[in-house]
Amino acid sequence: MRMVTSVRAMQRLALDWKRSSVRVGFVPTMGYLHAGHMSLVRQARQLVGPSGKVVVSIYVNPTQFGPREDFSKYPRDLTRDSRACRKERVDVVFAPADEEMYPQDGRSQFSTYVTEETLSIGMESVSRRTHFRGVTTVVAKLFNIVQPDFAVFGAKDYQQAAVIQRMTRDLNFPVRIAVAPTYREPDGLAMSSRNKYLEGNLRTQALVLWRAIQRVRVALKTRSGALSAQRLKTELKSFIEHEPAAKLDYVEFFNPVTLLPTLKVSSGAHMALAVFIGRTRLIDNARL
Ligand code: AMP
């Protein structure tokens, strides 16, 4: 396994692979890897086959964090991540420094951003206003650097996957996007690097996101007809905030393709929510 830290070296490698028709599968991450990330790596390997190359990027992208978010505290452990990637037979870990991705020096300072303007509206954007601009910008850069044939994203970040698919289509990136299912702990908690912050009984309280999803699924089975989204939101807020450390950021019901909110919830709709557990903001989503 190779560790690459410079954009030039990564692009040179990508070009070599392209010239010899080697298929490349790419998994962009912010590191502190867990089994959810590794399920994406396995899907990338399946897509490119044994003779293809799998690249994992590990980069905590500053432009997708707001000024009051956890950028500086975000967990990082490149040694542990490299070990996990080697074990999974990743070919290249691309771990650039901020200066490589966003040069700050004088006249050559970074000043170009990519924005998706429809699917990015609502949900995550309400409390993370410039989040998706940061995501689309860094993913566009990474696509140009790694030049993959396939890129794998997780359904755990449902809106993000939709935004990336739209960006890829709109800007004609020659990349096929795959979306892997959300990988969960045995008790249902969606795996996340931020779960590391959940100390003591916060870990138990964090299960309330998954329990909220289950609760709506049960309601759809037991109550007749479509349910009022507004009523469900009110019920869920008090259900979630019954946990002493939980504060609901948003819960939304929407069309899984257009992401447009739905007023009447029935099976086939999608549900997403963000909840603060103490100071940690967790997200989850599922098809109902
Ligand atoms: P992150 O490192 O959190 O930015 O995530 C990198 C990629 O892994 C994104 O495409 C995420 O959606 C995906 N991912 C994170 N957690 C999970 C999970 N529990 N199951 C599936 N994919 C995940």
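Nothing here was measured: the structure is a model prediction, and the numbers come from that model. Sequence order as written defines the numbering, with residues in each chain counted from 1. In keeping with the predicted nature of the model, local features appear solely for residues at pLDDT of at least 70, side-chain atom pairs appear and are counted solely at 80 or more, and the whole-chain, interface and lining totals rest on all residues. Values reported for side chains reflect all heavy atoms of the structure, with hydrogen atoms and water molecules removed beforehand.

Trainee: Sorry, what's going on with the overall build of the chain here?
Mentor: Secondary structure assignment for the chain yields ten helices and eleven strands. With the principal axes as the frame, the chain shows a C-alpha extent of 60 × 40 × 35 Å. Whether a residue is buried, partly exposed or exposed follows from its accessible area with a 1.4 Å probe, protein chains only, as a fraction of its type maximum: under 20%, in between, or over 50%, in that order. By residue count, 53% of the 288 residues in the chain fall in the buried class. At a minimum sequence separation of 6, the contacts of the chain that also span at least 24 residues come to 73%. Only the protein chains shown count as cover for residues, with accessible areas throughout obtained via the Shrake-Rupley method and a probe of 1.4 Å. About 14500 Å² of surface is accessible on the chain, with carbon and sulfur atoms providing 51% of the total. Secondary structure elements are defined from DSSP: runs of H or I of at least 4 residues count as helices, runs of E of at least 2 residues count as strands, and each element is numbered from the N terminus. Contacts are residue-level and defined by heavy atoms, with any inter-residue pair within 4.5 Å sufficient.

Trainee: What is the right way to read the packing of helix H6 (residues 131–146) against helix H7 (residues 158–170) from this model?
Mentor: When two helices pack together, their arrangement is given by the angle between the helix axes and by the axis-to-axis distance. Axis geometry follows a simple rule: fit a line to the C-alpha atoms, using only the stretch in contact for helices, then measure angles between N-to-C directions, giving values from 0 to 180 degrees. For the pair H6 and H7, interaxial distance at closest approach is 10 Å and the crossing angle is 50 degrees. When the interaxial angle is binned, H6 and H7 end up oblique. In this structure, H6 meets H7 at a crossing whose hand is right-handed. Together, Phe132, Val135, Thr136, Val139, Ala140 and Phe143 of H6 and Gln159, Gln160, Val163, Ile164, Met167 and Thr168 of H7 make up the contact between the two elements. When residues are sorted by character, Ala, Val, Leu, Ile, Met, Phe, Trp, Tyr, Cys and Pro go into the nonpolar class, Asp, Glu, Lys and Arg into the charged class, and all the rest, Gly among them, into the polar class. In terms of residue class, the contact of H6 with H7 is made up of eight nonpolar, four polar and no charged. Small angles under 35 degrees read as roughly parallel and large ones over 145 as roughly antiparallel, with 65 to 115 read as roughly perpendicular and the rest as oblique. Each crossing gets its hand from how the near helix is turned against the far one by less than a right angle, where anticlockwise is left-handed and clockwise is right-handed.

Trainee: Could you clarify how one ought to interpret unusual backbone geometry in this entry?
Mentor: In terms of backbone geometry, most residues other than glycine have negative phi values and most peptide bonds are trans. Phi angles above zero are rare outside glycine, and serine 21 is one such case at about 55 degrees. Structurally, serine 21 is set in the loop between helix H1 (7–19) and strand S2 (24–29). Given a relative accessible area of 65%, serine 21 falls into the exposed group. For tyrosine 32, which is not glycine, the phi dihedral falls at a positive 50 degrees. Relative to the elements of secondary structure, tyrosine 32 occurs in the loop between S2 and helix H2 (35–48).

Trainee: Looking at this model, I keep getting lost on the sheet that holds strand S1 (residues 2–4). Mind explaining?
Mentor: The strands that make up a sheet are held in pairs by hydrogen bonds between backbone atoms, and each pair lies either parallel or antiparallel. At least two DSSP bridges between two strands are needed for those strands to be called paired. Read across the open sheet, the six strands follow the order S1-S4-S3-S2-S5-S6; overall the sheet is parallel. Either end of the sheet is taken by a strand with one partner, and the two such strands are S1 and strand S6 (176–180). With strand direction ignored, the average angle separating the axes of adjacent strands in the sheet is 25 degrees. Where S1 lies against strand S4 (residues 92–94), three bridges are found, and the strand directions are parallel. In the sheet register, arginine 2 faces S4, and the bridge partner there is valine 92. The strands touched by H2 within the sheet are S2, strand S3 (53–58), strand S5 (150–154) and S6, with S5 carrying the most contacts at an inclination of about 155 degrees. Seen against the sheet, H7 touches S5 and S6 and runs at an angle of roughly 170 degrees to S6.

Trainee: Looking at this structure, how should I read the site of the ligand?
Mentor: Nearness is defined per residue: one heavy atom within 4 Å of the molecule or strand is enough. Contacts to the ligand come from 17 residues, most closely from Met30, His37, Asp157, Tyr183 and Met191. Within the backbone of tyrosine 183, an N or O atom sits 2.8 Å from a nitrogen atom of the ligand. For the ligand, a nitrogen atom lies 2.8 Å from a polar atom in the backbone of methionine 191. Here the ligand, which alone exposes 480 Å², has 93% of that area covered by the protein. Considering every element that reaches the shell around the ligand, the biggest residue donor is H2, with three residues. Pairs of N or O atoms within 3.5 Å make up the polar contacts considered here, provided that, within protein, one atom can donate a hydrogen while the other can accept it, and that residues adjacent in sequence are counted only when both atoms are side-chain atoms.

Trainee: I keep staring at the side chain of lysine 156 and nothing clicks. Help me out?
Mentor: Relative to the assigned elements, lysine 156 resides in the loop between S5 and H7. The contact partners of lysine 156, leaving out residues within four places of it in the chain, are Thr182, Ala190, Met191, Ser192, Ile283 and Asn285.

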